[in-house]
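The lines below spell out each chain.
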Amino acid sequence: MGEGHMRIRRGTREDLRYLPKILMEAYQGMEEYGEKDIESARKYIEELYEEDPECFFVAENDGEIVGFIFCNRFWYSKFEHGKVGAIHEIVVVPAHRHEGIGKMLIEKAMEELNSSKIELWVGEKNESAIKFYEKLGFKRKEKAGRWIRMLKVVR
Ligand SMILES: CC(C)(COP(=O)(O)OP(=O)(O)OC[C@H]1O[C@@H](n2cnc3c(N)ncnc32)[C@H](O)[C@@H]1OP(=O)(O)O)[C@@H](O)C(=O)NCCC(=O)NCCS
């Protein structure tokens, strides 16, 4: 679990200002799935937060944000013909990947979503994220443009 003290906690509006930079760095090398600049990243993050402020968590290492997740408890899926829980964004900073932080963030989000179906969309070339989601029980579903829908059914 790395060096310092790691914890997952609920995110607050004050945390949002740290996220655009983390997001931009996380999508380096995968620009087609990221935001075009820091200002659009700021707007995107603000929108994610507003969708469901209660469904935002951060991973903190010695007081520094090293990952975050945004989800939505009220998402309508046209593929499932009904309401599902959605995960809209998850990022762990490169220096702290493969420490289990992403898994903890997903588990926290799933607890909050409390839904029998969890949906997300991932870039088709984002193989590492696809493998990550598959490991956590998500299955590949439809492709739409450059994106693949993934679904986890919680029995
Ligand atoms: C996807 C992401 C959040 C994963 O975070 P992470 O903290 O590194 O993931 P974890 O350490 O919790 O990994 C959990 C499991 O996923 C799998 N996994 C994670 N990264 C993987 C990779 N690059 N390749 C293959 N499997 C991977 C592993 O099986 C791992 O389990 P293990 O440690 O028992 O082997 C992180 O890589 C990231 O921020 N990527 C950039 C942003 C992004 O693509 N987000 C998704 C947008 S839809």
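The following paragraphs examine the structure supplied in this document. Only a predicted model underlies this, so the values are computations on that prediction, with no experimental measurement involved.

What to know about the environment of Y76
Note that Y76 resides in strand β3 (residues 64–77). On the basis of neighbour counts, which here come to 11 C-beta atoms within 10 Å, the residue Y76 falls in the exposed class. With 43 residues separating them along the chain, Y76 and E119 place their C-alpha atoms 9.9 Å apart.

Digging into the packing of helix α1 (residues 19–26) against helix α2 (residues 38–51)
One can describe the packing of α1 onto α2 by two numbers: an axis separation of 9 Å at closest approach and a directional angle of 115°. Our classification of the angle between α1 and α2 gives roughly perpendicular. Crossing hand, α1 versus α2: right-handed. In this structure, α1 uses L19, P20, K21, L23 and M24 to contact α2, whose residues at the interface are I38, A41, R42 and I45. Split into classes, the residues belonging to the contact of α1 with α2 amount to seven nonpolar, no polar and two charged.

Focus on the site of the ligand
Surveying the vicinity of the ligand reveals 18 residues, the closest of which are R97, G102, K103, S128 and K131. Broken down by secondary-structure element, the contributors of at least two residues to the shell around the ligand are β4 (82–92), α3 (101–113) and α4 (127–135). Tallied by class, residues from the shell around the ligand come to eight nonpolar, five polar and five charged.

Overview of the environment of A59
With respect to the helices and strands, A59 occurs in strand β2 (residues 56–61). C-beta crowding within 10 Å serves as the criterion here: with 27 such atoms nearby, A59 is assigned to the buried category. A sequence separation of 43 residues divides A59 from G102, and the C-alpha atoms of the two residues are 8.8 Å apart. Residue contacts for A59: discarding those within four places in its chain leaves M6, I8, V66, G67, F68, V92, I101, M104 and L105.

Some remarks on α1
Inspection of α1 places L19, P20, I22, L23 and A26 among the buried residues, and these make up the whole buried set. End-on view of α1: buried residues confined to an arc of 165°, all on one side of the axis. Against the buried residues of α1 lie α2, β3 and β4.

Considerations on the nonpolar core
For soluble globular proteins, the rule of thumb is that nonpolar side chains tend to be buried together. By size, the foremost hydrophobic cluster in this structure holds 35 residues, and its most contacted members are I69, C71, I87, L105 and A109. Within the residue set of this core, elements represented by two or more residues are α1, α2, β2, β3, β4, α3, β5 (117–123) and β7 (147–153). Apart from residues no more than four positions distant in its own chain, C71 is found in contact with D52, C55, G85, A86, I87, H88, A109, E112 and L113.

Comments concerning the environment of K125
With respect to the secondary-structure elements, K125 resides in the loop between β5 and α4. Here K125 falls in the exposed class, since 12 other C-beta atoms lie within 10 Å of it. Residues K125 and E54, spaced 71 residues apart in sequence, show a C-alpha to C-alpha distance of 30 Å.

A look at the sheet that holds strand β1 (residues 6–10)
Read across the sheet, seven strands follow the order β1-β2-β3-β4-β5-β7-β6 without closing on themselves; strand pairing throughout is mixed. Across the chains shown, the open sheet's two edge strands, defined by having one partner strand only, are β1 and β6 (139–144). In this sheet, adjacent strand axes meet at a mean angle of 25° when their direction is disregarded. Bridge count for β3 against β4 is nine bridges, and the pairing is antiparallel. Across the sheet, residue S77 finds its bridge partner in β4, namely G82. Across the face of the sheet, α3 comes into contact with β1, β2, β3, β4 and β5 while running at roughly 35° to β3.

Here is what the cut-offs are and how they apply
- Residues numbered from 1 in each chain as written.
- Predicted model: local features only at pLDDT ≥ 70, side-chain atom pairs only at ≥ 80, totals over all residues.
- Helix = DSSP H or I, 4+ residues; strand = E, 2+ residues; numbered from the N terminus.
- Buried ≥ 20, exposed ≤ 12 C-beta atoms within 10 Å, placed from the backbone.
- Axes fitted to C-alpha atoms, helices over the stretch in contact; angles between N-to-C directions.
- Parallel < 35°, antiparallel > 145°, perpendicular 65-115°, else oblique.
- Left-handed = near helix turned anticlockwise from the far one by under 90°.
- Contact = placed C-beta atoms within 7 Å.
- Nonpolar A, V, L, I, M, F, W, Y, C, P; charged D, E, K, R; others polar.
- Near = placed C-beta within 6 Å.
- Arc of directions from axis to C-beta.
- Core = buried A, V, L, I, M, F, W, Y, C linked by C-beta atoms within 7 Å.
- Pairing = 2+ DSSP bridges.

What is shown is where atoms sit, not what they do.
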